[in-house]
Each structure stands twice: as structure tokens, then as C-alpha cells.
Amino acid sequence: MTDHVYNLLKKHHSVRKFKSEPVPDDHIERMVEAGQSASTSSYLQTYSIVGVRDPKIKEDLQEVSGQPYVVDNGYLLVFVLDYYRHSIINEDTEENMETSFESAEGLLVGSIDVALVAQNIAATAEDMGYGIVYLGSLRNDVARVKEVLNLPDYTFPLFGMALGVPADDEAGSPKPRLPLDHVFHLDQYNTDKEQQRKAIESYDQTVSDYYNQRTNGQRTEKWSTQISNFMSSKQRLDMLNHLNNAGFIKR
Ligand SMILES: Cc1cc2nc3c(=O)[nH]c(=O)nc-3n(C[C@H](O)[C@H](O)[C@H](O)COP(=O)(O)O)c2cc1C
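Per chain, residue numbering runs from 1 following the sequence as it is written. Per-residue local features are limited, in this predicted model, to residues with pLDDT of at least 70; the limit for side-chain atom pairs, both in listing and counting, is 80 or more; totals at the level of whole chains, interfaces and linings are taken over all residues. To get the side-chain values, all heavy atoms of the structure are used, and hydrogens and water are removed first.

1. What about the side chain of Ser-208?
Right, so step 1: Helix and strand assignments come from DSSP, with helices taken as H or I runs of at least 4 residues and strands as E runs of at least 2, each series counted from the N terminus. Tracing the backbone through its elements, the reader meets Ser-208 in helix H9 (residues 193–214).
Right, so step 2: Leave out the neighbours within four places in its chain, and Ser-208 touches Arg-219, Thr-220 and Glu-221. Here, residues are in contact when the closest pair of their heavy atoms is within 4.5 Å.

2. A short note on the pattern of salt bridges
Right, so step 1: A carboxyl oxygen of Asp or Glu within 4 Å of a side-chain nitrogen of Lys or Arg is what we treat as a salt bridge. Applying the stated criterion across every chain, the model contains 9 salt bridges.
Right, so step 2: Ionic pairing is found between Lys-19 and Asp-168, a salt bridge with its closest N-O pair at 3.2 Å. Here Lys-19 is found in the loop between helix H1 (4–10) and helix H2 (25–36), whereas its partner Asp-168 is found in the loop between strand E4 (155–164) and helix H8 (180–183), with 149 residues between them in sequence.
Right, so step 3: Residue burial is assigned from relative accessible area. The probe radius is 1.4 Å, only protein chains are included, and a residue is buried under 20% of its type maximum, exposed over 50%, and partly exposed in between. Residue class for Lys-19 comes out partly exposed when judged on its relative accessible area of 30%.
Right, so step 4: The exposed category is assigned to Asp-168, whose relative accessible area is 71%.
Right, so step 5: Between Arg-197 and Glu-194 there is a salt bridge whose closest N-O contact spans 3.5 Å. Taken together, the residues Arg-197 and Glu-194, both in helix H9 and 3 residues apart, mark about one turn of the helix.
Right, so step 6: A residue is classified by how much of its surface remains accessible, and Glu-194, at 48% relative accessible area, is partly exposed.
Right, so step 7: Residues joined by salt bridges that share partners form a network here, namely Lys-56, Asp-60, Arg-144 and Glu-147.

3. A look at the packing of H2 against helix H6 (residues 104–127)
Angle between the axes and distance between the axes: these two values describe a pair of packed helices.
Right, so step 1: Under this scheme, a helix contributes an axis fitted over its contacting stretch, all axes are lines through C-alpha atoms, and angles between N-to-C directions fall in the 0 to 180 degree range. With their axes 7 Å apart at the nearest point, H2 and H6 run at an angle of 135° to one another. For the element pair H2 / H6, the angle class is oblique. H6 is crossed by H2, and the crossing has right-handed handedness. For the pair H2 and H6, the contacting residues are Met-31, Val-32, Ala-34 and Gly-35 in the first and Val-117, Asn-120, Ile-121, Thr-124 and Ala-125 in the second. Convention used here: angles under 35 degrees read as roughly parallel, angles over 145 as roughly antiparallel, angles from 65 to 115 as roughly perpendicular, and any remaining angle as oblique. Handedness of a helix crossing follows the sense of rotation of the near helix relative to the far helix, less than a right angle counterclockwise being left-handed and clockwise being right-handed.

4. Some remarks on the site of the ligand
Right, so step 1: What makes a residue near a molecule or strand is one non-hydrogen atom of that residue sitting within 4 Å of it. Not every one of the 13 residues close to the ligand is listed here, only the nearest: His-12, Ser-14, Arg-16, Tyr-69 and Gly-136.
Right, so step 2: Measuring from an oxygen atom of the ligand, one finds a side-chain N or O atom of His-12 at 2.7 Å.
Right, so step 3: Polar contacts, as used here, are pairs of N or O atoms within 3.5 Å; protein pairs need one atom able to donate a hydrogen and one able to accept it. Residues neighboring in sequence count only if both atoms are side-chain atoms. At 3.0 Å, a backbone N or O of Ser-137 approaches an oxygen atom of the ligand.
Right, so step 4: The protein chains hide 68% of the 620 Å² of surface that the ligand would expose on its own.
Right, so step 5: In this structure, the ligand is accommodated by the largest pocket.
Right, so step 6: Nonpolar residues are Ala, Val, Leu, Ile, Met, Phe, Trp, Tyr, Cys and Pro. Charged residues are Asp, Glu, Lys and Arg, and all others, Gly as well, are polar. Of the residues that constitute the shell around the ligand, the class distribution is 4 nonpolar, 6 polar and 3 charged. Here the accessible surface of atoms and residues is derived via Shrake-Rupley with a 1.4 Å probe, and residues count as covered only by protein chains that are part of the display. Think of a 1 Å grid over just the protein atoms. A cavity is a set of points where a 1.4 Å probe fits yet cannot get out, a pocket is an open set with protein on both sides within 12 Å along at least five of seven lines, and lining residues have an atom within 4 Å of a point. What decides whether a molecule sits in a cavity or pocket is whether more than half of its atoms lie within 2 Å of the grid points.

5. Observations concerning the nonpolar core
Right, so step 1: Only buried Ala, Val, Leu, Ile, Met, Phe, Trp, Tyr and Cys residues count toward a nonpolar core, and they belong to the same one when joined by side-chain atoms within 4.5 Å. Among the nonpolar cores identified, the biggest contains 32 residues, and Phe-79, Phe-156, Met-161 and Leu-163 are the most heavily contacted of them.
Right, so step 2: Looking at this core, the elements with two or more residues in it are H2, strand E2 (75–82), H6, E4 and helix H11 (239–246).
Right, so step 3: It is H6 that provides the largest number of residues to this core, a total of 8 residues.
Right, so step 4: Non-local contacts of Phe-156, meaning those with residues more than four positions away in its chain, are made with Phe-79, Val-80, Leu-81, Arg-139, Val-142, Met-239, His-242, Leu-243, Ala-246 and Phe-248.
Right, so step 5: Of all hydrophobic cores here, the second largest spans 18 residues; its members include Phe-18, Val-52, Val-64 and Leu-138.

6. Some points on the UniProt feature "domain: Nitroreductase" (unreviewed entry) in the chain
Right, so step 1: UniProt positions are given in the numbering used here, feature names are shortened, and annotations may be inferred rather than shown by experiment. In the UniProt entry, the feature "domain: Nitroreductase" (unreviewed entry) is given for residues 10–164.
Right, so step 2: Along residues 10–164 one finds 44% helix and 19% strand; the C-alpha atoms at either end are 19 Å apart.

Structure representation (C-alpha cells):
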């Protein structure tokens with residue numbers, strides 16, 4: 001047993017400031033190859049990855065996201081849930097496959113596959129010395145992203161990933177996660193609310209201390225405050241429509 005993968009994963013933090021040097025194509029290919037080795041439900045491989053180098057396309061996507069690092073990075077990847085190739089197989093067969101990829105189960109299966117590929121790519125990139133940040137902000141305007149990237153029916157842009165060499169003054173650090181015994185349940189889920197509340201309270205303190213220390217007292221918010229602020233603001237409630245338009249969750 002070695003500590004290499006464990007130490008690599010424990011070091012992760014999102015990087016939002018990159019040097020301008022581009023990530024070479026052979027490095028991107030290596031990452032994507034490693035991504036493709038992820039397990040895939042029933043061998044379906046329900047993903048495509050669009051690599052974006054063209055500054056104009058990056059700018060168009062940055063307008064959707066509102067985040068500067070969609071343009072200022074060494075490379076941009078967009079992760080697409082992709083049943084387009086399965087729909088082509090469907091056209092050429094007597095069988096009816098639509099019930100599968102138009103179902104809620106199809107959406108779950110496909111999205112899980114995309115996330116597994118992406119996280120393999122993230123870990124490989126970090127192992128190669130690059131920093132990464134995921135970009136759910138591309139879902140701010142799904143129709144525009146589909147137009148910019150020429151995405152067909154039965155595809156859906158789930159998220160992006162900006163990557164590159166971290167800037168010299170990039171000062172991120174690993175953010176504390178929930179305590180292990182709060183997320184890991186032995187044999188059966190522990191529904192005890194009092195225990196859950198105590199664990200949240202203690203984690204709130206950990207997160208508040210983390211922000212306090214990192215920002216010299218500028219930020220001290222608790223995790224639960226951050227989460228309740230975020231989750232009580234209405235987030236992208238047009239998603240079901242976009243999914244239906246793309247051919248998903250019809251049954
Ligand atoms: C699917 C997904 C989408 C995300 N979208 C964004 C985003 O649009 N912009 C951003 O700055 N960070 C984004 N993040 C990064 C998270 O904010 C970050 O992972 C989280 O705060 C934990 O911080 P860490 O990655 O530094 O540990 C996203 C992360 C994931 C997994």
C-alpha cells in the first residue's frame with residue numbers, strides 16, 4: 001500500500017486563478033484517457049467531453065457563467081451527459097431503447113457516469129501539477145451552452161472544469177469537510193436528530209474558524225448559514241424544462 005493517491009486526494013482544493021500558459025494537448029489526452037477508465041454503468045459510457053481552446057467560445061461560455069476563470073485558464077472542459085450515440089444505435093435497431101434513455105433512471109445512470117469520468121480527470125490533472133475548478137455555473141443558461149457548443153438532442157451540459165497551472169499568488173487550501181463519523185454510517189443510517197444537530201454545530205465552528213483564519217477575520221460564517229442562504233435562494237428552476245427539451249425524464 002502506498003499513500004500516493006490518498007495524499008493527492010487529501011490535498012485537493014479548487015483553484016480559481018491560473019497562469020496563462022495553455023495545457024498541452026498530450027496532457028489533456030492523458031487526463032481524458034484516465035477519465036475514461038472510470039467504471040461505467042452497464043458499459044453505457046454516457047458522456048462526451050468538449051475541450052475548449054478557442055478564446056471566442058470561452059468568452060461566450062464566460063458570459064453564461066459570470067466567472068472570470070472560464071476564460072482565464074490553461075484549458076476548459078465541458079462535461080456532457082450524452083445519449084446521442086445511443087439514440088443513433090436506436091435508429092438502426094428494431095429494439096426500442098428510448099424508454100431507457102428518456103427515463104429518470106437513464107438520467108441518473110448517465111449523470112453518475114459523467115461525474116465519475118470528471119473526477120478521474122480532476123485527480124489526474126492534480127497529479128500532473130495542475131489545479132482545477134468545477135463549473136456548475138454553465139447551467140445558468142443551458143440553451144446558450146448547447147448553442148455555443150453545437151450540442152444535439154439527447155445531450156446535456158452538466159458542468160465544466162477550468163484547469164491550468166495555479167498562479168503564483170493562488171493561495172487556496174483544503175477546506176475542512178464534515179467529520180467522517182457524520183457522513184459514514186455503520187450498517188444502518190443513523191437518524192438521531194440530536195446527534196446530527198450536535199455534529200452540525202461542531203462542524204459550524206470548524207468552518208467558521210477556517211474562514212476566520214484564512215481571511216484575517218473578514219469571514220466567519222458557519223457552514224449551516226452558508227448552506228441555508230444558498231439553498232433558500234431559487235436556483236436554476238428551469239432545469240426540468242431543459243431536460244425535457246433535450247429528451248430526458250419523459251417517464
Ligand atoms: C459539480 C460542481 C460544480 C461546481 N461549480 C462551481 C462553480 O460554478 N464555480 C466555482 O467557483 N466553484 C464551483 N464548484 C467548486 C465548489 O464550490 C468547491 O468544490 C467546494 O466549495 C469545495 O471546495 P474545494 O473544492 O476547494 O474543496 C463546483 C463543484 C462541483 C463538484
